[in-house]
Amino acid sequence: MITGELKNRIDSLWSEFWTGGITNPLTVIEQITFLMYSRLLDMQERKDEKRAAITSKSHLSRFDVADQDCRWETWRHYGADEMLPHVRDRVFPHFRSLAERSTGEGSHFASFMKDAQLMIQKPSLLVKAVNTVQDLPLEKGDTKGDLYEYLLSKLTTAGINGQFRTPRHIIRMVVELMQPWPTDRICDPACGTAGFLVEAYDYLLRRNTSEIGKHIEIVDGEKQVTYSGDLLVQNGHREHVDTDMFHGFDFDATMLRIATMNLVMHGVAEPDVHYQDTLSQSFEERHSKASKNAFDLILANPPFKGSLDEHDVAPDILRTIKTKKTELLFIGLILRMLKMGGRSATIVPDGVLFGSSKAHVQLRQHLIEDNQLEAVISLPSGVFKPYAGVSTAILIFAKGGKTEDVFFYGVQSDGFTLDDRRTKIGDGKGDLPDVQSQYLLWREGKGDFSNRTANAFEVSAEDIRAQMYDLSIKRYKLQVHADEIHEAPHEILTRLRATEAEILAEIDELGELLG
């Protein structure tokens, strides 16, 4: 969490962008990201210079002798009229040169800077933005992640191609259900702003921080706990977490810049994020060896954008599921990317659960017969508003083996109203804590899940086969209809006559009063 003062600064800067003519929330965040990146580059360069001075060892500089005027601490002091052309004509070309060199601490991020452009047109707006970014606590790892998350919370408009931001509380529940390990390799093949990957990292920090590593403070009257992840270091997992744990793909360059910065700001040193349409043949050609049978855990909310040209889809995926529908192709892709025994939690539109086309049935059969479908968690239709009103579900499955029983849960409330306003109800948790507790009990073989009138219940693979692999919760949940007791007709008639007599008596009284 961040303080009210920091939120006010961001809100004020946000308003400045809008009055300055930049009204697309994604563009606003991208432009602020560029400025944060510039400052972080200079901060890291200064650290390396101090280290080199102490150790007498040279370091690979991010700034050549001719590029010293591209350093944040140099140009941020320029006046408004000088700053704008300098940032546009010197600093941003320097970003692009870093992309070409792809060296130094910023290499993981620099590759997404090759098409970076300054969209700010007003000198006064640039000065305001620079001063705000300078005042942000980017040196504090536990604060800057929350700071960037607050920025991302302002993404309230849907993107193209079915892209929309997954609510943070849904992401958190999914990660808590999957319980990632410090040794896992985790991927999101349609990562967007990297919400799943960031939450997985935060989960690891929470689970791998000793009592000594926890820091508690009161900010704006609320208790806040930050986690150091010191056990990751003690157990030798830190390098893996920084360099090989988190992998993301997306075909939107702006999203990738934001996703990479999001991970970096939260504390992941070198996230592996790539510009790529993961369903395409080019992805198979470029990343097949690195991504096939490669991941222990895949967390995803792929775009539901309809159909693709079959000729553009990787043949390897089509061998698993022959279709043009992206929501089905992504399941095939995820199965290809998982290691044997690897697991995935993937959000899909409800049509995947009960669609009657040959491809729909074939995919569900493949999940049941050739893999281990663990759970179908149905979400209310308003969870993704205001972006979309589509009904969705979370499919949890493991690659390989064969399904025996499937856990079903029908979520009635996610803790928020299901209209466009999405107002918090009570503590804002709804059924989500129960989903987690019931699923983990089921995974441990505890509890009784035979009652199909409950929110959580179990269905055998045999029963699912009998229903042509239909995974809709309505197919298996038993509805309890309460008996309604109706009055006898003569009793209703007697009551009506009595009511009529009362009305007539009151009319007579009124007539007497009127004379």
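Residues numbered from 1 in each chain as written. Predicted model: local features only at pLDDT ≥ 70, side-chain atom pairs only at ≥ 80, totals over all residues. Heavy atoms only, no water.

**A closer look at the overall build of the protein chain**
Then, number 1: The helix and strand tally for the protein chain stands at 20 helices and eleven strands.
Then, number 2: In the protein chain, buried positions account for 52% of the 515 residues.
Then, number 3: When the accessible surface of the protein chain is summed, it comes to about 24,400 Å², and 50% of that surface belongs to carbon and sulfur atoms. (Helix = DSSP H or I, 4+ residues; strand = E, 2+ residues; numbered from the N terminus. Buried < 20%, exposed > 50% of the residue type's maximum accessible area, 1.4 Å probe, protein only. Areas by Shrake-Rupley, 256 points an atom, 1.4 Å probe, with all protein chains shown as cover.)

**Details of the environment of Asp-89**
Then, number 1: As for its position among the elements, Asp-89 is in helix α4 (residues 80-101).
Then, number 2: When the C-alpha atoms of Asp-89 and Gln-117 are compared, they prove to be 9.9 Å apart, with 28 residues separating the residues in sequence.
Then, number 3: A polar side-chain atom of Asp-89 sits 3.0 Å from a polar atom in the side chain of Arg-88. (Polar contact = N/O pair within 3.5 Å; in protein donor to acceptor, adjacent residues only side chain to side chain.)

**Re the packing of helix α8 (residues 168-178) against helix α9 (residues 195-207)**
Then, number 1: Two elements in contact, α8 and α9, have axes whose closest approach is 9 Å; the angle formed by their N-to-C orientations is 55°. With respect to their mutual orientation, α8 and α9 come out oblique. Here α8 runs over α9; the crossing is right-handed. Side by side, α8 and α9 meet where Arg-168, Ile-171, Arg-172, Val-174, Val-175 and Glu-176 of the first sit next to Gly-195, Phe-196, Val-198, Glu-199, Ala-200, Asp-202, Tyr-203, Arg-206 and Arg-207 of the second.
Then, number 2: Here the contact of α8 with α9 is composed, by residue class, of seven nonpolar, one polar and seven charged. (Axes fitted to C-alpha atoms, helices over the stretch in contact; angles between N-to-C directions. Parallel < 35°, antiparallel > 145°, perpendicular 65-115°, else oblique. Left-handed = near helix turned anticlockwise from the far one by under 90°. Contact = heavy atoms within 4.5 Å. Nonpolar A, V, L, I, M, F, W, Y, C, P; charged D, E, K, R; others polar.)

**Quick word on the pattern of salt bridges**
Charged atoms that come close allow side chains of opposite charge to pair.
Then, number 1: Evaluated as defined, the whole model comprises 33 salt bridges.
Then, number 2: Linking Arg-9 and Glu-5 is a salt bridge whose minimum nitrogen-to-oxygen distance equals 2.9 Å. Of the two residues, Arg-9 and Glu-5 both sit in helix α1 (residues 4-19), four residues apart, roughly one turn of that helix.
Then, number 3: Measuring nitrogen to oxygen at the nearest pair gives 2.4 Å for the salt bridge that ties Arg-257 to Glu-30. Highlighted residues: Arg-257 in helix α12 (residues 253-266) and Glu-30 in helix α2 (residues 25-55), separated in sequence by 227 residues.
Then, number 4: The class for Glu-30 is buried, based on a relative accessible area of 10%. (Salt bridge = Lys/Arg side-chain N within 4 Å of Asp/Glu carboxyl O.)

**Examining the packing of aromatic side chains**
Then, number 1: In the structure shown here, the tally under the stated rule is 13 aromatic pairs.
Then, number 2: Residues Phe-407 and Trp-442 carry aromatic rings whose centres are separated by 5.8 Å and whose planes lie at 45° to one another, so their mutual orientation is tilted. Of this pair, Phe-407 sits in strand β10 (residues 405-410) while Trp-442 sits in helix α18 (residues 432-443), and the two are 35 residues apart along the sequence.
Then, number 3: Here the aromatic rings of Phe-408 and Phe-457 are separated by 5.7 Å at their centres, their planes lie at 5°, and the arrangement is stacked. In this pair, Phe-408 sits in strand β10 while Phe-457 sits in strand β11 (residues 456-460), placing the two residues 49 residues apart along the sequence. (Phe/Tyr/Trp six-rings, centres within 6.5 Å; stacked < 30°, edge-to-face > 60°.)

**Some points on the pairing of strand β6 (residues 295-300)**
As a general feature of sheets, a regular strand has side chains that alternate between the two faces.
Then, number 1: Most of β6 is tucked away, with five of its six residues classed as buried.
Then, number 2: As paired strands, strand β1 (residues 186-188) and β6 are joined by two bridges and run parallel to one another. Residue Ile-186 lies in a different strand from β6, and its bridge partner there is Leu-297.
Then, number 3: Note: β6 against strand β7 (residues 338-349), five bridges, orientation parallel. Bridge pairing in β7 links Leu-299 to Ala-345. (Pairing = 2+ DSSP bridges.)

**A few points about the side chain of Thr-132**
Then, number 1: With respect to the helices, strands and loops of the structure, Thr-132 is situated in helix α6 (residues 123-135).
Then, number 2: When its relative accessible area of 8% is taken as the criterion, Thr-132 is described as buried.
Then, number 3: Polar side-chain contacts of Thr-132 include one of 2.9 Å to the backbone oxygen of Lys-128.
Then, number 4: Those residues in contact with Thr-132, other than ones at most four positions away along the chain, are Arg-9 and Leu-13.

**Observations regarding a negative patch on the surface**
Then, number 1: On the surface, Glu-502, Glu-506, Asp-508, Glu-509 and Glu-512 cluster together into a negatively charged patch.
Then, number 2: Owing to a relative accessible area of 66%, Glu-512 belongs among the exposed residues under this scheme. (Patch = residues over 30% accessible without salt bridge, like charges linked within 9 Å, V, L, I, M, F, W, Y side chains within 5 Å. Lys, Arg positive; Asp, Glu negative; His and termini not counted. Charge placed at Lys NZ, Arg CZ, Asp CG, Glu CD.)

**Observations regarding unusual backbone geometry**
Then, number 1: Of note in this structure, Arg-422 is not a glycine but carries a positive phi near 50°.
Then, number 2: As for its placement among the helices and strands, Arg-422 is situated in the loop between β10 and α18.
Then, number 3: The residue Tyr-469 is not glycine, and still its phi comes out positive at about 65°.
Then, number 4: Considering the arrangement of structural elements, one finds Tyr-469 in the loop between α19 (461-466) and α20 (489-513).

**Describing the pairing of strand β4 (residues 246-250)**
Then, number 1: The buried fraction of β4 amounts to five of the five residues, a majority that puts the element mostly inside the structure.
Then, number 2: Here β4 shows two buried faces, one formed by Phe-246, Gly-248 and Asp-250 and the other by His-247 and Phe-249.
Then, number 3: Sheet topology note: the β1/β4 ladder contains three bridges and is parallel. Counterpart to Ile-186 in the pairing with β4 is Phe-246.
Then, number 4: Across four bridges, the pairing between β4 and strand β5 (residues 272-275) is parallel.

**What to know about the environment of Glu-462**
Then, number 1: Within the secondary structure, Glu-462 sits in helix α19.
Then, number 2: You can call Glu-462 exposed: its relative accessible area is 60%.
Then, number 3: Residues Glu-462 and Glu-404, 58 residues apart in the sequence, show an inter-C-alpha distance of 7.9 Å.

**Some points on the environment of Leu-205**
Then, number 1: By the secondary structure assignment, Leu-205 is in helix α9.
Then, number 2: A residue is classified by how much of its surface remains accessible, and Leu-205, at 9% relative accessible area, is buried.
Then, number 3: Sequence separation between Leu-205 and Pro-182 is 23 residues, and the spatial gap between their C-alpha atoms is 9.5 Å.

**Examining the confidence of the model for the protein chain**
Then, number 1: In the predicted model, the protein chain carries a mean pLDDT of 86, and 89% of its residues have values of at least 70.
Then, number 2: With pLDDT under 50 throughout, residues 157-163 is counted as low confidence; its partners more than four residues away or in other chains account for 15 contacts. (pLDDT = per-residue confidence, 0-100.)

**Things to note about α12**
Then, number 1: The end-to-end C-alpha distance of α12, which contains 14 residues, comes to 20 Å, matching closely the 20 Å that a straight helix rising 1.5 Å per residue would cover.
Then, number 2: Most of α12 sits out of view: 13 of its 14 residues are buried.
Then, number 3: Where α12 begins, one side-chain oxygen reaches toward the backbone nitrogen of Thr-254, 3.0 Å away; that side chain belongs to Asp-252.
Then, number 4: Note on α12: the residue one or two positions beyond its end, Gly-267, has a positive phi of about 125°. (Expected span 1.5 Å × (residues − 1).)

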